[in-house]
Amino acid sequence: MGATYGLVAAVFVASVVEAVEALTIVMAMGMTRDWKSAWAGTAAAGVVLAAFTTAAGYALATWLPQAALQLTIGTLLLIFGLQWLRKAVLRSSGLKAVHDEEKAFAEQAAAARDVEGTTRFGLDSFAFAVSFKGVFLEGVEVVFIVITFGTNAHDVPVAAVAAIAAALCVVVAGFLAHGPLSRVPENALKYAVGLLLTSFGTFWAVEGLGVFTPSGQSVTWFGHDWSVLVLIAVWFAVSRILIKVVPGVAERASTFAAEER
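Below is a summary of the structure that appears in this document.

How each quantity is defined
- Residues numbered from 1 in each chain as written.
- Predicted model: local features only at pLDDT ≥ 70, side-chain atom pairs only at ≥ 80, totals over all residues.
- Heavy atoms only, no water.
- Core = buried A, V, L, I, M, F, W, Y, C linked by side-chain atoms within 4.5 Å.
- Buried < 20%, exposed > 50% of the residue type's maximum accessible area, 1.4 Å probe, protein only.
- Helix = DSSP H or I, 4+ residues; strand = E, 2+ residues; numbered from the N terminus.
- Axes fitted to C-alpha atoms, helices over the stretch in contact; angles between N-to-C directions.
- Parallel < 35°, antiparallel > 145°, perpendicular 65-115°, else oblique.
- Left-handed = near helix turned anticlockwise from the far one by under 90°.
- Phe/Tyr/Trp six-rings, centres within 6.5 Å; stacked < 30°, edge-to-face > 60°.

Val 11, Phe 149 and Leu 197 are the most contacted members of the largest nonpolar core, which totals 25 residues. Those elements giving two or more residues to this core turn out to be helix 1 (2-32), helix 3 (66-92), helix 5 (125-152), helix 6 (156-177), helix 7 (186-208) and helix 8 (227-260). Within the second largest apolar cluster, 19 residues are counted, among which are Val 16, Leu 23, Val 26 and Ala 45.

Okay, structure coming up:
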């Protein structure tokens, strides 16, 4: 049960983050170019992502034994999660700019206004292409999380429903707000997603190390699924230490580089 709650929470929060960024792109295209074309591009990207999720999820679930699957998924989640966590640390320490949805919306809208309109099949080609690309690229990260969490927990449908629910919530919120969701604490959510992905990645990667034992069976953590909570606490502590330490290290490295020149 604990793994299921963790699955739903991780997929939902990660999907909210990606859906907010995708919605910003779609709204910029719809408001400055053509809503019909923007939503058509969104729908096309959704179909492609659904097909990719089904194919990749089936392949992973059927081609690898349990321990090897856990090791593969855990390693991928660790790589992916550490990227999210690294960016969160840099943002929290002031070394990377905080993501601003209003600024992103303004940039996308300005770019859309500067492009001449071309129509194909009754759709604005630019609005369709940009919406498709934005939703697809943001959606690929969601698909990755749905496949890895869902496959390892043997519950891809639950993971997919959590992702769809998150996307619907973001779309409804955007419709009610009539603009980009700049008030969503996106950077804090990204920090939380980084912690969840890294923690679950560690948990499953260690379990998957059992593939190298004579039995080939998964390693069992002390405390089973509850060990994930301990891992989250550990990674949170590590990230807070890095937030305090990284600025000083960066400053010393910059000073050293200046002296070398």
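The structure having been displayed, the exposition proceeds.
This next bit is on the packing of helix 3 against helix 7. Two elements in contact, helix 3 and helix 7, have axes whose closest approach is 6 Å; the angle formed by their N-to-C orientations is 150 degrees. In this view, helix 3 runs roughly antiparallel relative to helix 7, as classed from their interaxial angle. Considering only the axes of helix 3 and helix 7, their crossing is left-handed.

Further remarks concern the packing of aromatic side chains. According to the stated counting rule, one finds 8 aromatic pairs in the structure shown. Between Phe 132 and Phe 136, the ring centres sit 6.0 Å apart and the planes meet at 5 degrees, which makes this aromatic pair stacked. Note that Phe 132 and Phe 136 are positioned in helix 5 at a spacing of 4 residues, about one turn of the helix. Judged by its relative accessible area of 26%, Phe 132 is partly exposed. For Phe 136, a relative accessible area of 27% puts it in the partly exposed group.

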